[in-house]
Amino acid sequence: MVVKVNQTMHKKVMNYLSDEPALNLFIIADIENFGYETDFQEIWIDQDDAGEIKGILLRYMGNYLPYAKGTINAKDFSEIINKDTTYEMLSGKKEITEQFRPYVKFERTKETYFAELKDNSLLNKNSIRKGIQQAELQDVDSLIELKQQIKEFTIRATARQSLEQALKTKTGRTYFMKEGNIVVSCASTTAENSLSAMIVGVCSHPEKRNQGLATRCMEALCQDVLSEGKALCLFYDNPKAGSIYKRLGFKDIGMWSMNFPVHMTGSENDTKQEPLVK
């Protein structure tokens, strides 16, 4: 039976999600940040006769995120989605979103590899931290200037606002290196919550690549986030890029699928995240 969730069910919902904190990073972050009583966010659960959760569906504006530990009640959850005229995307682990295909029409699907880091056993614990800084609000313009020079990035008009918001709310952090007054490398997190965080925006200035600067920023960032008891995760687009992250200890945990309805014609940069670059 599918029911809408309210604050009284918070502990039960979080216990269900916490078994796979990386996969549920966006759902956990949205619940912690916005709760259950807003007009732009809703959460439903599918529960059995004993009241045990069998699956979850979260709506954030026009985006839907489903999760289950096996088979999900895609038919009943799809009835909710199909009634929403603002529906823009269904995203989640591929094995889960595929179960919605008989009930929800997708015109376009984008898939990326999804990897997780749970410990620092393969990180270089002796990596030099000299020169690595943690960004504050006054660093935002310099960071945006660097990202605008990375051809692999699509910098949206809201990029500066999003970065400022992440720093203010502590839902993201950025570690960076400078030469003079120029930021030459950085690595960031986004969607940070009490259990997990996602790595995004790893890059170096085009003239400073292949010097290990981005790796140093990323390793320092990973060390610090892991020390807080959080799991880390990231998206990557191809196996060659994935091999870099696997050397740091990231392990593939599946494919992440973003599915768009017939009326949506968005760009190829449809995720909330920037790609990762070395």
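(A) Region of interest: the packing of helix α1 (residues 10-17) against helix α2 (residues 25-34). In contact at an axis separation of 10 Å, α1 and α2 are set at 155° when each is read in the N-to-C sense. As judged from the angle between their axes, α1 and α2 are roughly antiparallel. In the packing of α1 onto α2, the handedness of the crossing is left-handed. Residue-level contacts link H10, V13, M14 and L17 of α1 to I27, I28, I31 and E32 of α2. Across the contact of α1 with α2, the residue classes break down as six nonpolar, one polar and one charged.

(B) Quick peek at the pairing of strand β4 (residues 63-67). Counting buried residues in β4 gives five out of five residues, a clear majority hidden from the surface. Side chains N63, L65 and Y67 project from β4 onto one buried face, and the interleaved Y64 and P66 project onto a second face that is buried too. What sits between the antiparallel neighbours strand β3 (residues 53-60) and β4 is a turn of two residues, in which M61 has the positive phi angle 55°. Bridge analysis of β4 against strand β5 (residues 89-93) gives two bridges, and the strand direction is parallel. Residue pairing in the sheet places N63 in a bridge with M89 of β5.

(C) Focus on the state of the cysteines. Across all of its chains, the model carries zero disulfides by this definition. C186 provides the cysteine sulfur closest to C217, a residue in no disulfide bond, and the two sulfurs are 7.0 Å apart. Cysteine C222 remains unbridged, with the sulfur of C233 as its closest cysteine sulfur at 11 Å. Relative accessible area serves as the criterion here: at 1%, C222 is assigned to the buried category.

(D) Summary view of empty space enclosed by the protein. The tally for this structure, following the rule as stated, stands at one cavity of 30 Å³ or more. Computed from the structure, the largest cavity encloses a volume of approximately 40 Å³. L23, N24, P66, Y67, G92, K93 and W256 together form the lining of the largest cavity. Every element with two or more residues in the lining of the largest cavity is listed here: β4 and β5. The residue makeup of the lining of the largest cavity, split by class, is four nonpolar, two polar and one charged.

(E) Quick look at the environment of S204. As for its position among the elements, S204 is in strand β10 (residues 196-204). Spatially, the C-alpha atoms of S204 and C186 are 6.6 Å apart, while their sequence positions differ by 18 residues. Residues in contact with S204, not counting those within four places in the same chain, are L146, I150, V184, S185, R209, L213 and A214. Side chain to side chain, S204 and S185 meet in a polar contact 3.1 Å long.

(F) Main features of the pattern of salt bridges. A full pass over the atoms with the stated rule returns 14 salt bridges. Between E42 and R59 there is a salt bridge whose closest N-O contact spans 2.8 Å. Remark: R59 occurs in strand β3 and E42 occurs in strand β2 (residues 41-47); sequence separation between them is 17 residues. Residue class for R59 comes out buried when judged on its relative accessible area of 9%. As a salt-bridge pair, K246 and D252 come within 3.0 Å of each other at their nearest N and O atoms.

What counts as what
Residues numbered from 1 in each chain as written. Predicted model: local features only at pLDDT ≥ 70, side-chain atom pairs only at ≥ 80, totals over all residues. Heavy atoms only, no water. Axes fitted to C-alpha atoms, helices over the stretch in contact; angles between N-to-C directions. Helix = DSSP H or I, 4+ residues; strand = E, 2+ residues; numbered from the N terminus. Parallel < 35°, antiparallel > 145°, perpendicular 65-115°, else oblique. Left-handed = near helix turned anticlockwise from the far one by under 90°. Contact = heavy atoms within 4.5 Å. Nonpolar A, V, L, I, M, F, W, Y, C, P; charged D, E, K, R; others polar. Buried < 20%, exposed > 50% of the residue type's maximum accessible area, 1.4 Å probe, protein only. Pairing = 2+ DSSP bridges. Disulfide = S-S within 2.5 Å. 1 Å grid on protein atoms, 1.4 Å probe; cavity = no way out; pocket = protein on both sides within 12 Å on 5 of 7 lines; lining within 4 Å. Points joined across faces, edges and corners; volume = space filled by probe spheres on them. Polar contact = N/O pair within 3.5 Å; in protein donor to acceptor, adjacent residues only side chain to side chain. Salt bridge = Lys/Arg side-chain N within 4 Å of Asp/Glu carboxyl O.

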